[in-house]
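# Understanding the architecture of this molecule
These are the residues of each chain, in order.
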Amino acid sequence: MRVKVSTAFVSLATTANRRSAILRASSTFSRDETAFKPFFRLYYNDVYEVNLPPRHRFPMKKYAQVRHKLQGLINELSEEQQNLIDCEFCVSPLATFDELATTHSMEYINRFLTGDQTKEEQRNVGFPWSQQGVDRATSSVGGTLAAARDVCQLWQDQQHLTDRPAPWAAHVAGGTHHAFYDRGEGFSVFSDMAVAANVILREYPSTIRKVLMVDLDVHQGNGNAVLFEKDPNVFTFSLHCVGNYFSKKEDSDLDIELPIECNDQTYLMTLNHWLNQIYNENKKSDEKFDLIFFQSGVDVLEVDRLGRMSLSQEAVSRRNNLMYEFSHKMKVPLVICMGGGYPRADDWAPIIEAHANVYFQAHQYLSKLQSSQ
Ligand SMILES: [Zn+2]
């Protein structure tokens, strides 16, 4: 495991940003500490759908389908089960220029926002430029950032209440881990998790000092690897397939490559081993992680069109639960992002099911914690 040298990190949010973040959070949280329920808010950005050319490879319609499937699963629960946790769905806000500029080049952001992109840039990302695309790309970042702000604000407010599980939130989108400082590729214009991490480190300097990114998409989180290469405050862990690099392999803080056609057992044993390793090292460390991002791509499935691993639905469910056990044990806030999942021959059902399960399992995990109290 490559571990970076730590340096002091001092950064202050602008007063306006910080005030608006606090107002946004405190207007929605219950202050009644006796009526505690585990927190789980889900953001979604399928309202910003983009009209792509026919037979475009990007599965645009999966976002709305995943949300509807997930809301259906939650609605099927009894009222008593639904009331165990504080769960709600919110539309993802659009990230601002200043938020994007914590991570990406101002010139790149400007050119994207105004449609001043070369054909090659559009080809690398995989989308023709459109105003709808601008809203979609900025909401992909905004939802992840809003989820992160919610959990960090709540966590900061509740620091004196040591018996409570850490808050979780999710974005039914995002996980666009192939975006770099001044370029994008692989359907990633901006890196939502990177922007969220950078903004949070500035806005919550006393609560959130070190961030862990666990990227379980079948592709390497190459953008985030480079964006945080020299940043000791963000640790990038990518578990991916050796035969699936979009472009040049980059160096995450921890890269674990799995073979083409990797099976359930190898995958789960490897993930379990490395999560335990991170947990044990974190326990000994003076600089512990304060926040976790989980990129939950389901392109590890055997049925995925672009992935080259051979995982079953059952294994992806077990993967998710390993991640939730780990996050609960770490006792820090968690933000779940969507990542890749590509239907083969228009067979959407297994991809939608796997993505929806990622979020539903988190909901169920928190419900179980509450019911066992
Ligand atoms: Zn992927």
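See the structure printed just above.
The text that follows walks through the structure, step by step, so that each part is easy to find. Owing to the predicted nature of the structure, the values given are computational and were not obtained by experimental measurement. (Residues numbered from 1 in each chain as written. Predicted model: local features only at pLDDT ≥ 70, side-chain atom pairs only at ≥ 80, totals over all residues. Heavy atoms only, no water.)

Attention now goes to the nonpolar core. Core analysis: the largest hydrophobic core is formed by 111 residues, its most contacted members being Phe 237, Tyr 267, Phe 293, Phe 326, Ile 336 and Tyr 359. Among residues more than four places away in sequence, those in contact with Phe 326 are Leu 212, Val 214, Leu 275, Ile 278, Tyr 279 and Ile 292. (Core = buried A, V, L, I, M, F, W, Y, C linked by side-chain atoms within 4.5 Å. Buried < 20%, exposed > 50% of the residue type's maximum accessible area, 1.4 Å probe, protein only. Contact = heavy atoms within 4.5 Å.)

To continue, consider the pairing of strand β1 (residues 39–44). Counting buried positions over the six residues of β1 gives six, a clear majority of the element. With six bridges connecting them, β1 and strand β2 (residues 86–91) associate as parallel partners. Looking at β2, one finds that Leu 42 is bridged to Phe 89. With four bridges joining them, β1 and strand β3 (residues 168–171) adopt parallel strand pairing. Bridge assignment links Arg 41 to a residue of β3, and that residue is Ala 169. (Helix = DSSP H or I, 4+ residues; strand = E, 2+ residues; numbered from the N terminus. Pairing = 2+ DSSP bridges.)

To continue, consider helix α12 (residues 349–371). Residue pairs spaced three or four apart in an α-helix point in one direction, given the helix's 3.6 residues per turn. Between the first and last C-alpha of α12 there are 31 Å, a value that for 23 residues agrees with the 33 Å anticipated at 1.5 Å per step. Along α12, the helix axis deviates most sharply at Asn 357, where the bend reaches about 30 degrees. Within α12, 18 of the 23 residues are buried, leaving the element largely enclosed by the surrounding structure. (Expected span 1.5 Å × (residues − 1). Bend = angle between axes of the 7 residues up to and from the residue.)

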